[in-house]
Amino acid sequence: MGKMNPSSKSIRYLTIILIILVALFLLQRFGVILFGYSHISHPGIDEPVSGVLACDLLDRQIRGPLFVYEYLNRSGDVLIEGLSLVTFFKVFGRSIFSTKVFALSSAFLSLLCWIIFIKRYQGIWAAIIFTALFAFPPPMFARLNLIGTISSHHMINPLIAMQLLILFRIIVNDENKPALWLWLGLGFFSGLGAYTFYTHIIFVGFCFVFLLIFKSAAVTVRRIALLGVGFGAGFSPWIIRSVQSRTGGHYLASMLKNIAIDIWSFIQTFGFNVPHSLGYAYPSRDIGIISILFALSILFFAGVLLKSFLQNLFLMSGKLKARLEKTSPSILQGLFVGAFPIFFLSCLSLSPLHVYPFEYWPTIGLFATFPPSDVIRYRWLHVLFPFYLAIVAIGSVTLFTTRHKIKFHYTLLTIFILISFSFFGFAGSIKLYSKKDFGRIFYYKGYNYDQFAPKFILGEFAYRNVEDAKAITVNYPEEHKGDAYRCLGTLLTQNLIKDSNRAVKLEQSLEEVPKHYLRDFIYGVVRAAQNIPEKEFKPFTDIVVSKYPNLFYENWGFRHLGYKYYSVMINQEVLFKNIPSGEKWFFKNFLDKFKHEIKDNGRWMAEKNLLQEISMIPPQHQHEVIKGVGMLVGAEMLFDTLHAPDYPLDSRFGEKFSGSLREAFYEGVGSGFAETLCRFWRMLLLPKDISSPLYREMLEIEWERCQTLMSMMSPVYYPLIEKGFLRDLESRHFSQGIQNYLNNKFERTENSLFQRNISSKEVS
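Residues numbered from 1 in each chain as written. Predicted model: local features only at pLDDT ≥ 70, side-chain atom pairs only at ≥ 80, totals over all residues. Heavy atoms only, no water.

### Focus: the overall build of the protein chain
Along its length, the protein chain carries 35 helices and 2 strands. Expected size for 764 residues packed as a compact globule is a radius of gyration near 27 Å; at 28 Å, the protein chain falls within 12% of this value. Along the longest, intermediate and shortest principal axes, the C-alpha atoms of the protein chain span 90 × 55 × 55 Å. Scored against the burial criterion, the 764 residues of the protein chain give a buried share of 59%. In the protein chain, once contacts between residues fewer than 6 apart in sequence are set aside, the share between residues at least 24 apart is 79%. Total accessible area on the protein chain stands at roughly 31,800 Å², and carbon and sulfur atoms take up 61% of it. Looking at charge distribution, the protein chain has the averaged site of its 77 positive side-chain charges lying 12 Å from that of its 58 negative ones. (Helix = DSSP H or I, 4+ residues; strand = E, 2+ residues; numbered from the N terminus. Rg over C-alpha atoms; globule rule 2.2 N^0.38 Å. Buried < 20%, exposed > 50% of the residue type's maximum accessible area, 1.4 Å probe, protein only. Contact = heavy atoms within 4.5 Å. Areas by Shrake-Rupley, 256 points an atom, 1.4 Å probe, with all protein chains shown as cover. Lys, Arg positive; Asp, Glu negative; His and termini not counted. Charge placed at Lys NZ, Arg CZ, Asp CG, Glu CD.)

### Comments concerning the nonpolar core
Membership of the largest hydrophobic core comes to 252 residues, with the highest contact counts inside it found for Trp 114, Phe 336, Phe 456, Phe 673, Trp 681 and Phe 725. Ranked by residues supplied to this core, first place goes to helix α5 (residues 96-122) with 13 residues. For Trp 681, the contacting residues outside a window of four places in its chain are Leu 699, Glu 702, Trp 703, Phe 734, Ile 738, Tyr 741 and Leu 742. (Core = buried A, V, L, I, M, F, W, Y, C linked by side-chain atoms within 4.5 Å.)

### Examining the packing of helix α8 (residues 156-172) against helix α10 (residues 200-214)
The geometry of α8 relative to α10 is characterised by a closest axis approach of 12 Å and an angle of 10° between their N-to-C directions. On the basis of the axis angle, α8 is roughly parallel to α10. Contact residues: Ile 156, Leu 159, Ile 160, Gln 163, Leu 164, Leu 167, Phe 168, Ile 170 and Ile 171 in α8; His 200, Phe 203, Val 204, Cys 207, Phe 210 and Leu 211 in α10. By residue class, the composition of the contact of α8 with α10 is 13 nonpolar, 2 polar and no charged. (Axes fitted to C-alpha atoms, helices over the stretch in contact; angles between N-to-C directions. Parallel < 35°, antiparallel > 145°, perpendicular 65-115°, else oblique. Nonpolar A, V, L, I, M, F, W, Y, C, P; charged D, E, K, R; others polar.)

### Some details on the pattern of salt bridges
Inspection of every chain in the model, using the stated rule, returns 34 salt bridges. Lys 745 is paired through a salt bridge with Glu 700; the nearest N and O atoms lie 3.3 Å apart. Taken together, the positions of Lys 745 in helix α35 (residues 736-745) and Glu 700 in helix α33 (residues 693-711) put the pair 45 residues apart, joining distant regions of the chain. The pair Lys 745 / Glu 700 is uniform in exposure class, with both members buried. Residues joined by salt bridges that share partners form a network here, namely Arg 486, Arg 519, Asp 520, Glu 554, Lys 627, Glu 675, Asp 728 and Arg 732. (Salt bridge = Lys/Arg side-chain N within 4 Å of Asp/Glu carboxyl O.)

### Some words on the environment of Ile 202
Relative to the helices and strands, Ile 202 resides in helix α10. It is 8.8 Å that separates the C-alpha atoms of Ile 202 and Leu 348, two residues lying 146 residues apart in sequence. Those residues within four positions of Ile 202 in sequence are excluded, and the remaining contacts are Phe 340, Phe 343, Phe 344 and Cys 347.

### Here's the deal with the packing of α5 against helix α18 (residues 385-400)
Close contact between α5 and α18 brings their axes to 12 Å; oriented N to C, the two are set at 25°. Classified by the angle their axes make, α5 and α18 are roughly parallel. Judged by the twist between their axes, the crossing of α5 over α18 is right-handed. Together, Trp 114, Ile 118 and Gln 122 of α5 and Pro 386, Phe 387, Ala 390, Ile 394 and Val 397 of α18 make up the contact between the two elements. Looking at the contact of α5 with α18 residue by residue, the class counts come to 7 nonpolar, 1 polar and no charged. (Left-handed = near helix turned anticlockwise from the far one by under 90°.)

### Quick look at empty space enclosed by the protein
According to the stated counting rule, one finds 5 cavities of 30 Å³ or more in the structure shown. Taken as a whole, the largest cavity holds about 110 Å³ of empty space. Residues of the lining of the largest cavity, tallied by class, amount to 7 nonpolar, 3 polar and 4 charged. Counted as a void, the second largest cavity has a volume near 70 Å³. If you go around the second largest cavity, the residues you meet are Tyr 37, Ser 41, His 42, Pro 43, Ile 45, Pro 48, Ile 96, Tyr 444, Lys 445 and Met 683. Considered class by class, the residues forming the lining of the second largest cavity number 7 nonpolar, 2 polar and 1 charged. (1 Å grid on protein atoms, 1.4 Å probe; cavity = no way out; pocket = protein on both sides within 12 Å on 5 of 7 lines; lining within 4 Å. Points joined across faces, edges and corners; volume = space filled by probe spheres on them.)

### As for α35
The α-helix winds at 3.6 residues per turn, so residues separated by three or four positions along the chain end up facing the same way. Restricting attention to buried positions, one finds in α35 the residues Gly 737, Ile 738, Gln 739, Tyr 741, Leu 742 and Lys 745. Residues of α35 that are buried make contact with α32 (659-681), α33 and α34 (718-731).

### Thoughts on unusual backbone geometry
A cis geometry characterises the amide bond from Tyr 282 onward to Pro 283, with omega recorded as 10°. Structurally, Pro 283 can be placed in the loop between α13 (263-276) and α14 (289-315). Of note, the phi angle at Arg 60 is positive, near 55°, even though the residue is not glycine. Looking at the element boundaries, Arg 60 is found in the loop between α3 (51-58) and α4 (77-92). According to the relative accessible area criterion, Arg 60 is exposed, its value standing at 78%. Located in the positive-phi region is Arg 464, a residue other than glycine, with phi close to 65°. For Arg 464, a relative accessible area of 33% translates into the label partly exposed.

### Regarding the confidence of the model for the protein chain
When pLDDT is averaged across the protein chain, the result is 89; 93% of the residues are at 70 or more. Confidence, read as mean pLDDT per element, is least for helix α12 (residues 247-257) in the protein chain (69) and greatest for α32 (97). Counted against residues more than four places away or in other chains, residues 749-764, with its pLDDT under 50, gives 35 contacts. (pLDDT = per-residue confidence, 0-100.)

### Quick notes on the state of the cysteines
Taken as a whole and judged by the stated rule, the model has 0 disulfides. This cysteine, Cys 207, is not joined by any disulfide, and Cys 347 carries the nearest cysteine sulfur, 12 Å off. (Disulfide = S-S within 2.5 Å.)

### Examining a nonpolar patch on the surface
A surface patch of nonpolar side chains, about 470 Å² in accessible area, is lined by Ile 289, Ile 292, Leu 293, Leu 296 and Leu 299. Looking at the secondary structure, you find Ile 292 in helix α14. (Patch = residues over 30% accessible without salt bridge, like charges linked within 9 Å, V, L, I, M, F, W, Y side chains within 5 Å.)

Here is the structure:
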């Protein structure tokens, strides 16, 4: 392997080309941000949680210990992102645009580091090829560059790139006794990356193994000590956190404990996940021929790099250890970028972190199944894309510089491959653009207090006492206060389980809750039943039922029975219809296991148990329970990114009831639509001027999303769904701006339902 050495005059022009390509990268990604909102964001994606810390810092109102803001106690990405977003919120405002620009800056820093890294050991041509592929990459990589979710994997990429620069400075300059700060720096970025997200540990392990194999002489006790000090500094937040919470340690321990060799997992990973994760067939879930060809190209060029390494190794004389240590930096770089993806994917296949067609957690539901949330599915593979592109770039230069007798044919083939995939990447980018999405990125908040209420009040680092929780709730942002009251209800119930005076204290708390938050507070009380034995929870049931029976039983169906029997109502037909046949073949074992859990005797028994539990409810309150179950169906339907009727939960389940009970179920479905509509409205960054036309325009976006899906429901049940939808909106407490919007949309009379049919109302 050798560099392509252009003349000094050519270097000037090539540098200009490189700068143009970097500018095209920025142009392409900004284009996706401004014109491709639907492909990189959705109100259901959880990326705005990071902005909560930034907002609280800017408002000088920290609501708890700093580690409360970590969100997941096994990784520090949200905390780091929240701290970083302070500057972006100051400059660009508190919209989701700022979050996207932060993710873009992470990708930009990663690109610059990779350009320096490749140019240093391969020359400017390799850097140009890499940058061209980075600017117009596989569509999934372009989207992942702009996604900041739990967890924000984009932040690992620049850390890896900087770590690579330091690692190769150590390897290449060992004879010149490199500065000891390099070892400190290598350790620091290793520790910080491992704290940011645990998959970074795989990269750290590979770096250390690589160092031992090719530069073992450089590994001295003193340098290892410096490496350890640097690692400890970068990893220190994780250590400090672990003193207070063992969750992160337990999680990592469980992953190591559950490592297992599964040949079929390797086949799934390398045969399906790698090409499918490239996303050339997006928005289709099919793997796509272009993705297969690109994966084969990566494999081909990786073979070129391996062959170059082996040829060089066998050409040298002497002992194996000496030959390994004499390997040139350019060949070592090619071997590193070619071998790491295999190492990473192998570790992923051995671990419990398998990439499956979808995820299902009983307390959360079915998610990450269809675009745009499919991007979450491949979050763990985000770190590999720069390595894929580097393999192609370095492998191409290796072929260009070969002295092989058929070099001309290799060169033509390589140029064709590079032009083709740059074109497909460019075409994939254009497919993401839409006039309809233009400007939408500025409409949504870069923070979400709804999702953080459980951390502030119920989290491991929360104060966990009722008085502090009440203070947080009272001072919580007004439009998100309902979720705070939900968490307060859960915390109070958990704290009163062993309290002999629980009846008096619960009644007193119920009286203290503002009337329009009673529904939320009781929701929280019911939610606690999920982790409390039925006999222990019965006193709470008796207390709440004696005062607010309707609210209790509605929430009992919505938050307890609905989630307890979630799998009974999953629409299997839609779920499996949208999974391509190839994917079904690769994941047959997983899908068969899932089908077994929700079908056959298990499903029949679960359905029987649900109906039996409903029949045991006092007859006068069965309507509320069934309405609550229907509410979960409607809420999940509107919240899901597929935006399809009767998915993920099937409203046809309501046909198992008859008469007024069936009517209650479908009114509940309508109420669920209202629940999620209000949830989406809370995510909008509405103008302060409630009379602004933009205020109405932004509310209208989510209103239309809701109405479009409602109009797809069965005509037989639509009047009931509409009725439940309107009644729910009528009962809610809204800000003045939203109240005005609804007043203008419908003719209303005092203490009555909306008077005009929503389906016939024209929206200006």
